[in-house]
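The chain contents come next:
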Amino acid sequence: MRRPWIGVTVKHIRESGSLGRAQSATETAYLQAVWRAGGLPVMLPNLPEAAPEFAERMDGFLLTGGCDIDPARYGASPHPRTGPVDPLRDAFEFALVEVARAQGKPILGICRGLQVLAVAFGAVLCQHLPDVTELTHDSDAPPPARAHPVRLEPPPALRDLLRAHGIGEVLEVNSYHHQGIRRRADCPPALQPIAEAPDGVVEAFIWAPDAIRALAVQWHPELLVEDDPRHLWPFRWLVEAARPS
Ligand SMILES: [Mn+2]
């Protein structure tokens, strides 16, 4: 059986010694997790005009972590702690979500990827969670540290998958974000929250117009997989949903 092609989004980095020219890169852990879950990871450059062709040729998408989204995308002015932003990456990823949605291709969003999906569906993000909660979401503990638990409320369509991975109602996760969806009521109506931190921050949601077409998590499962293979479950969801039927 051929592995589904999973398009993985990338960030821009400026490596010293390259005269400040931007390079396209993503963390290897994402690519390895996609492979380990049975997918063929393919890195996608931030070319907004190419989004329709990627949507057609890939079987599914992984929106990776990274910088803050330009708050203009959700009609807000920047908080002093927001930024720097990457307008080209924003343009590409928002275009990609639109065309992937239209084509019914499954999307997994991680960290910034959750936020991109939420904003694409109309959410307004909390731009700096430390202003509004005592819980540490912007942890500086290196992987595989856990920062806080999440309480899962999976829909029936995810229950078998979670059971197969030995995951119950509570999952200890890492947390490397300072923005997010403050509470359930801030989730756009099209999105169903499926995990919440003890302070009410939305830590995961699905978009399921019929079957689940998007899954998003605010934590970084790719950094936990090696320590605890149960964390592969979001990648397994993506690869199975991406399998050409
Ligand atoms: Mn968190």
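Residues numbered from 1 in each chain as written. Predicted model: local features only at pLDDT ≥ 70, side-chain atom pairs only at ≥ 80, totals over all residues. Heavy atoms only, no water.

What follows covers the coordination of the manganese ion. Around the manganese ion, the protein contributes the donor atoms H137 (ND1), H148 (NE2), S175 (OG), H177 (NE2) and E203 (OE), which lie 2.3 Å from the metal centre. When the donors of the manganese ion are listed by position in the chain, the intervening gaps give H-x10-H-x26-S-x1-H-x25-E. One end of the pair, H177, is in the loop between β8 (170-173) and β9 (191-196); the other, E203, is in strand β10 (residues 202-207), with 26 residues separating them in the sequence. Both residues of the pair, H177 and E203, belong to the buried class. (Donors = N, O, S within 2.8 Å, 3.2 Å for Na, K, Ca; no water. Helix = DSSP H or I, 4+ residues; strand = E, 2+ residues; numbered from the N terminus. Buried < 20%, exposed > 50% of the residue type's maximum accessible area, 1.4 Å probe, protein only.)

Attention now moves to the confidence of the model for the protein chain. Taken over all residues, the pLDDT of the protein chain has a mean of 97, while the share at 70 or more is 100%. Looking across the protein chain, the model is least confident in strand β2 (residues 11-14), with a mean pLDDT of 94, and most confident in strand β6 (residues 107-110), with 99. (pLDDT = per-residue confidence, 0-100.)

If you look at the biggest cluster of nonpolar residues, it comprises 36 residues, and the most contacted ones within it are L62, L158, W219, W233 and F235. Counting residues per element, this core draws most heavily on helix α6 (residues 233-242), which supplies six residues. With sequence-adjacent residues up to four places away left out, W233 is seen in contact with L158, L161, L162, H165, I167, L171, L215 and W219. Counting residues in each nonpolar core, the second largest holds 32 residues, with A50, F92, V202 and A216 among its members. (Core = buried A, V, L, I, M, F, W, Y, C linked by side-chain atoms within 4.5 Å. Contact = heavy atoms within 4.5 Å.)

To continue, consider the environment of L135. The topology assignment puts L135 in the loop between α4 (112-120) and β7 (148-152). Between the C-alpha atom of L135 and that of H148, which follows or precedes it by 13 residues, the distance is 8.0 Å. Setting aside residues up to four positions removed in sequence, L135 forms contacts with H148, A197, P198 and D199.

So, on to the sheet that holds strand β4 (residues 40-44). Strand pairing in a sheet is mediated by backbone hydrogen bonds. Such pairs are either parallel or antiparallel. Judged by pairing direction, the sheet is mixed, and its nine strands sit side by side in the order β4-β1-β5-β6-β11-β10-β9-β7-β8 without closing on themselves. The open sheet has two edge strands, β4 and β8, and neither has a second partner. Taken pair by pair, the neighbouring strands of this sheet meet at an average axis angle of 25°, ignoring direction. Sheet analysis places β9 next to β10, joined by five bridges and oriented antiparallel. The residue bridging Q192 from the neighbouring strand is I206, located in β10. Relative to strand β5 (residues 60-63), helix α3 (residues 87-103) is tilted by about 150°, and along the sheet it contacts β1 (5-9), β4, β5, β6 and β10. Together, β5, β6, β9, β10 and β11 (214-217) form the strand contacts of α4, whose direction differs from that of β6 by roughly 120°. (Pairing = 2+ DSSP bridges. Axes fitted to C-alpha atoms, helices over the stretch in contact; angles between N-to-C directions.)

Neither face of β5 is exposed, since G60 and L62 on one face and F61 and L63 on the opposite face are all buried. For β1 and β5, the ladder comprises three bridges, and the chain directions are parallel. Within β5, the residue paired with G7 across the bridge is F61. Relative to β6, β5 runs parallel, the two being bridged by three bridges. The partner of L62 across the bridge, within β6, is L108. The parallel pair β5 and β6, bridged by α3, forms a crossover whose chirality is right-handed. (Right-handed = clockwise from strand over helix to strand, strands pointing away.)

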